[in-house]
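# Analysis of the macromolecular model
Residue strings, one per chain:
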Number of protein chains: 2
Amino acid sequence: MKRPAVRITDVAALAGVSAGTASKALNNTGQLSQDTRERVRRAAAQLGFTPDVRGRALSSGRTFTVALLTTDSSGRFSIPIMRGVEDVLSAGELATVLCDTRDDPLREQSYLRSMVARGVDGIVVTGRRTEPRPPIDVPLPVVYALAASTDPADASVIVDDAAGAAAAITHLRTLGRTRIAHITGPADHRSAVERAQAMTTLVGEPLFGEWSEQWGRQATDLLLRSHPDVDAITCGSDQIARGVCDRLRELSRAVPAEIAVTGYDNWPVMALASRPPLTSVDLRLEELGRRAAQLLLEAIAGTPHHGVLELPAQLVPRESTLGG
Amino acid sequence: MKRPAVRITDVAALAGVSAGTASKALNNTGQLSQDTRERVRRAAAQLGFTPDVRGRALSSGRTFTVALLTTDSSGRFSIPIMRGVEDVLSAGELATVLCDTRDDPLREQSYLRSMVARGVDGIVVTGRRTEPRPPIDVPLPVVYALAASTDPADASVIVDDAAGAAAAITHLRTLGRTRIAHITGPADHRSAVERAQAMTTLVGEPLFGEWSEQWGRQATDLLLRSHPDVDAITCGSDQIARGVCDRLRELSRAVPAEIAVTGYDNWPVMALASRPPLTSVDLRLEELGRRAAQLLLEAIAGTPHHGVLELPAQLVPRESTLGG
């Protein structure tokens, strides 16, 4: 099975770029287009090019390994972030080590000691909620994703929830809706509060409750009792919005003809199975993971960022506002 | 911040076990109760005990790193498996490296070369579906989870789907149901076919379609036209079962009084949000991940298993059959 070793120059030739560009593409450094990186990467894969990780590790003092610390590896917010992080790191031939703390502080400490002992090059920290979290105490480059570090000197990448909520409102106003109500999750969740605050043209007060379909159905009844003339309901999650749509259908109130509905999260399982499918706000979590990984690579390369980078959420229009 | 080094004997003393037991617990070897392992692990975490990974690596030739090769790290079947694998390995202070191939054979090859080059101790291979897959070609211990290897000499851990389906039928018969129909996913998916074959007391033929709520609703109409007297509908997934329940409610057919419904997968998002909540078959995927990781640890320790280990799925009864 032993073939002659493939060199970086072979990869460069197949991809039609210089050896320097090929090296940058595979190490995910430099300013290259996504296209070029992908072309080099596929050329490397086709040829079976394998960088000599152990050799590089000895000469550089690096392990080409990055830890991904999650509080919740099974959470639907952690997963796309993890996927984005892994995608960027693997393109640069770095290994991503999964550390699932399960919200246990002892477990988190144990992982951090273990990762420092292993000499990982850096750590991406992510969480299940958007509340800022205390920084971790390690002598390594760190980037926080989704939940920012409370230390402004750290590098964090988060979702711009206010802009996402504002986009939903703008969309509804463009469609001529004016009596817009809001149903959302718990009043002590930052994501519920930030979204509610950005919903500027409300009928009545935001209805805070649970992140569940059941709450969506209940809140619809409460809302229609106090404000029977609403023409749009924005929701803090797709689960809530799905419950709202189900209840409106049971009450024979047409969505969107009478009442338009928007969700939040763009979670396909909910947004697409809803009747009608939901206009929603996509948090672009995979992109958030990518950006966090890129910032970490830059920090490892010696140019750390500081402060909080907010990525815009993106409105995805569907039948629950557009009809059809 | 430098404290005197914590020794394994300190951990053993705090946990109230011998040093040998503490060592076995932390390395996930030997025959110990889950309780003992957990107690030692928490004692180690409390004291800040860190095994000297680099020292061990030098003396043993091992890297104490295992690769988890998934075709789909964001899939809802891969995630609990990943979580189970990571839990067992991290308890033994092994690092789990995430390799998400995204169903791309080139990407899979690239990962495998990279993992071999890094000298990982072994590989767990998992997939999104239950179809057996060709073995990977690496000079390392490998265990397959969910999708078995087509080579019977390999070690695989899979779900016993036939037993899970049979458990649903037994449950319905115990409740006095006799006219039991079956609605499921695509006829070219092994999981749909295996479950359908095990549903032995059918009214009519199994209805094959999609893994979606919409298909559940459509198939309900088809079924009631040809067999208006069914008293139970078993479904190949919770999504299908949720669609069935929704459609039956719209038709004012009471679940379970008139028609009992069972799901499959025990996916909380669907099973609990369904009206009524679904009796379902839990695939115990986290346990499957744990078992795969344990088999891999044994293979790494020099005692590899061969053949396919089938883990029983577990019926979880709820209102869709029990009422209440």
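Let me begin by describing the structure that accompanies this report.

How each quantity is defined
- Residues numbered from 1 in each chain as written.
- Chains lettered and ligands numbered in written order.
- Predicted model: local features only at pLDDT ≥ 70, side-chain atom pairs only at ≥ 80, totals over all residues.
- Heavy atoms only, no water.
- Contact = heavy atoms within 4.5 Å.
- Buried area = accessible area lost by both parts, 1.4 Å probe.
- Salt bridge = Lys/Arg side-chain N within 4 Å of Asp/Glu carboxyl O.
- Polar contact = N/O pair within 3.5 Å; in protein donor to acceptor, adjacent residues only side chain to side chain.
- Helix = DSSP H or I, 4+ residues; strand = E, 2+ residues; numbered from the N terminus.
- Nonpolar A, V, L, I, M, F, W, Y, C, P; charged D, E, K, R; others polar.
- Pairing = 2+ DSSP bridges.
- Expected span 1.5 Å × (residues − 1).
- Buried < 20%, exposed > 50% of the residue type's maximum accessible area, 1.4 Å probe, protein only.

### Quick look at the interface of chain B and chain A
At the junction of the two partners, chain B supplies 56 residues and chain A supplies 56 residues. A buried area of about 4700 Å², summed over both sides, lies between chain B and chain A, and 45% of it is on carbon and sulfur atoms. Counting across the chain B and chain A interface gives 17 salt bridges. The partner of Glu286 of chain A in a salt bridge is Arg102 of chain B, with the nearest N and O atoms 3.4 Å apart. Our count for the chain B to chain A interface comes out at 32 residue pairs in polar contact (both at pLDDT 80 or more). Of the residues forming the side of chain B that touches chain A, the biggest block, eight residues, is contributed by helix H6 (residues 105-118) of chain B. Here the side of chain B that touches chain A is composed, by residue class, of 20 nonpolar, twelve polar and 24 charged. One ladder, built from three bridges, connects strand S2 (residues 95-100) of chain A with strand S2 (residues 95-100) of chain B; its direction is antiparallel. When the bridges of S2 of chain B are listed, Leu98 of chain A appears paired with Thr96 of chain B.

### A look at helix H12 (residues 285-300) of chain A
Residue and element names in this part refer to chain A. End to end, H12 covers 22 Å across 16 residues, agreeing with the expected 22 Å (1.5 Å per residue, within 8%). For H12, the full list of buried residues reads Leu285, Leu288, Gly289, Arg290, Ala292, Ala293, Leu295, Leu296, Leu297, Ala299 and Ile300. Buried residues along H12 sit against strand S1 (65-70), helix H5 (78-91), strand S3 (122-126), strand S4 (142-145), strand S5 (155-160) and strand S11 (307-312). Once H12 finishes, Gly302 follows within two positions and takes phi at roughly 105°, a positive value.

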